[in-house]
Amino acid sequence: KLQGKTALVTGSTSGIGLGLASSLAAAGAHVILNGFGDIERAKDHIASVGQAPGYHAADLSDPQQIGDMMDYVNREFGGADILVNNAGIQHVAKVEVFPPEQWDAILAINLSSVFHTSRLALPGMRERGWGRIINVASVHGLVASKEKAAYVAAKHGVIGLTKTIALETARTAITCNAICPGWVLTPLVQQQIDRRIAAGIDPQQAQDDLLAEKQPSQAFVTPEQLGELALFLCSDAAVQVRGAAWNMDGGWLAQ
Ligand code: NAD
């Protein structure tokens with residue numbers, strides 16, 4: 001279905017990003033990976049479900065490196081037809097003790113990078129007359145939780161930016177939407193479970209408690225399920241889905 005399309009997925013060496021990249025690759029897209037950690041494992045995984053991927057190591061907290069990554073995508077792949085802004089980090093602390101450098105890093109990676117990749121991808125999408133921008137926001141783009149000031153602020157910002165881009169592209173075949181997952185069991189969430197385990201709670205109980213506080217289904221959302229949603233947003237049927245903040249959250253936002 002996505003044969004001939006290229007898809008840049010930021011933060012795609014692990015978790016949700018790797019899951020979304022796999023779904024796009026399995027549907028025929030030529031995927032470009034980005035992120036840190038076990039890059040070879042991520043590349044091998046994508047090559048096992050689709051075409052061998054590209055990779056760029058840009059640190060998305062740095063606009064200069066984002067520029068280099070977008071140049072690489074234009075030069076080597078003819079530009080990104082599908083841009084998935086997924087990279088994100090978390091820090092949990094009350095506002096009055098929230099480290100300002102963590103605030104800056106979260107705003108840079110979770111919000112400003114979405115502006116930079118989008119502003120650099122849009123001219124090519126307009127030229128080619130087709131594009132999909134999918135921003136991985138969060139339920140925290142629509143509601144808050146305590147101790148996540150920077151993350152909640154950044155994700156609310158991502159949804160605002162999504163709507164603006166959707167309006168600016170409304171008369172084209174380029175769409176821009178946000179997806180808003182609830183809890184997905186990835187390294188980012190495992191860190192938060194580990195904090196509970198460190199406080200003396202049994203590992204299974206720690207997972208159950210985390211879900212029970214927010215996610216009525218009492219089950220994690222999976223990267224594969226989010227991948228199916230991303231594929232729908234890439235389809236022709238979704239061309240009038242514009243500026244949406246689409247939750248997949250086990251009922252989190254229904255409460
Ligand atoms: P993860 O920690 O498993 O993956 C994060 C990815 O981002 C990794 O590939 C990492 O290498 C990359 N990354 C981190 N900092 C980077 C930087 N400076 N430059 C480039 N890449 C960087 O996390 P995840 O849970 O898969 O999260 C992915 C996205 O989904 C994030 O935007 C997160 O906010 C969002 N999200 C996650 C959940 C959840 O429950 N896990 C829920 C809602 C939204």
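Remember, it's a predicted structure, so these values are computed and weren't measured experimentally.

Draft legend 1. Local environment of the site of the ligand. In the vicinity of the ligand, 30 residues are found, and the nearest of them are Ser14, Asn86, Tyr151, Val184 and Thr186. Between serine 14 and the ligand, the recorded distance is 2.6 Å, taken from a side-chain N or O atom to an oxygen atom. Tyrosine 151 has a polar side-chain atom sitting 2.5 Å from an oxygen atom of the ligand. For the shell around the ligand, the secondary-structure elements that each account for two or more residues are helix H1 (15–26), helix H5 (149–168) and helix H6 (187–198). Of all the elements, H6 adds the most residues to the shell around the ligand, at three residues. Here the residues of the shell around the ligand are counted per class, giving 16 nonpolar, 12 polar and two charged.

Draft legend 2. View of the pattern of salt bridges. Summed over the entire model, instances satisfying the criterion amount to five salt bridges. Among the salt bridges present, the one from lysine 43 reaches glutamate 40, with a minimum N-O distance of 3.6 Å. You can see lysine 43 and its partner glutamate 40 sitting in helix H2 (residues 39–49), three residues apart, about one turn around the helix. Assessed through its relative accessible area of 25%, lysine 43 is described here as partly exposed. Aspartate 81 serves as the salt-bridge partner of arginine 128, at 2.9 Å between the closest nitrogen and oxygen. Placement of arginine 128 in helix H4 (residues 100–128) and of aspartate 81 in the loop between helix H3 (63–77) and strand E4 (82–85) is noted, with a sequence separation of 47 residues between them.

Draft legend 3. Region of the structure containing the packing of aromatic side chains. Applying the stated criterion across every chain yields a total of three aromatic pairs. Taken together, a centroid distance of 5.8 Å and an interplanar angle of 75 degrees make the contact between phenylalanine 232 and tryptophan 246 edge-to-face. One end of the pair, phenylalanine 232, is in helix H8 (residues 223–234); the other, tryptophan 246, is in strand E7 (residues 245–248), and 14 residues separate them in sequence. Exposure remark for phenylalanine 232: the relative accessible area of 32% places this residue in the partly exposed category. What makes tryptophan 246 partly exposed here is its relative accessible area of 32%. When the ring centre of tryptophan 130 is taken as reference, the NZ or CZ atom of lysine 5 above it lies at 4.4 Å.

Reading the values: the criteria
Residues numbered from 1 in each chain as written. Predicted model: local features only at pLDDT ≥ 70, side-chain atom pairs only at ≥ 80, totals over all residues. Heavy atoms only, no water. Near = heavy atom within 4 Å. Polar contact = N/O pair within 3.5 Å; in protein donor to acceptor, adjacent residues only side chain to side chain. Helix = DSSP H or I, 4+ residues; strand = E, 2+ residues; numbered from the N terminus. Nonpolar A, V, L, I, M, F, W, Y, C, P; charged D, E, K, R; others polar. Salt bridge = Lys/Arg side-chain N within 4 Å of Asp/Glu carboxyl O. Buried < 20%, exposed > 50% of the residue type's maximum accessible area, 1.4 Å probe, protein only. Phe/Tyr/Trp six-rings, centres within 6.5 Å; stacked < 30°, edge-to-face > 60°. Lys NZ or Arg CZ within 6 Å of the ring centre and 35° of its normal.

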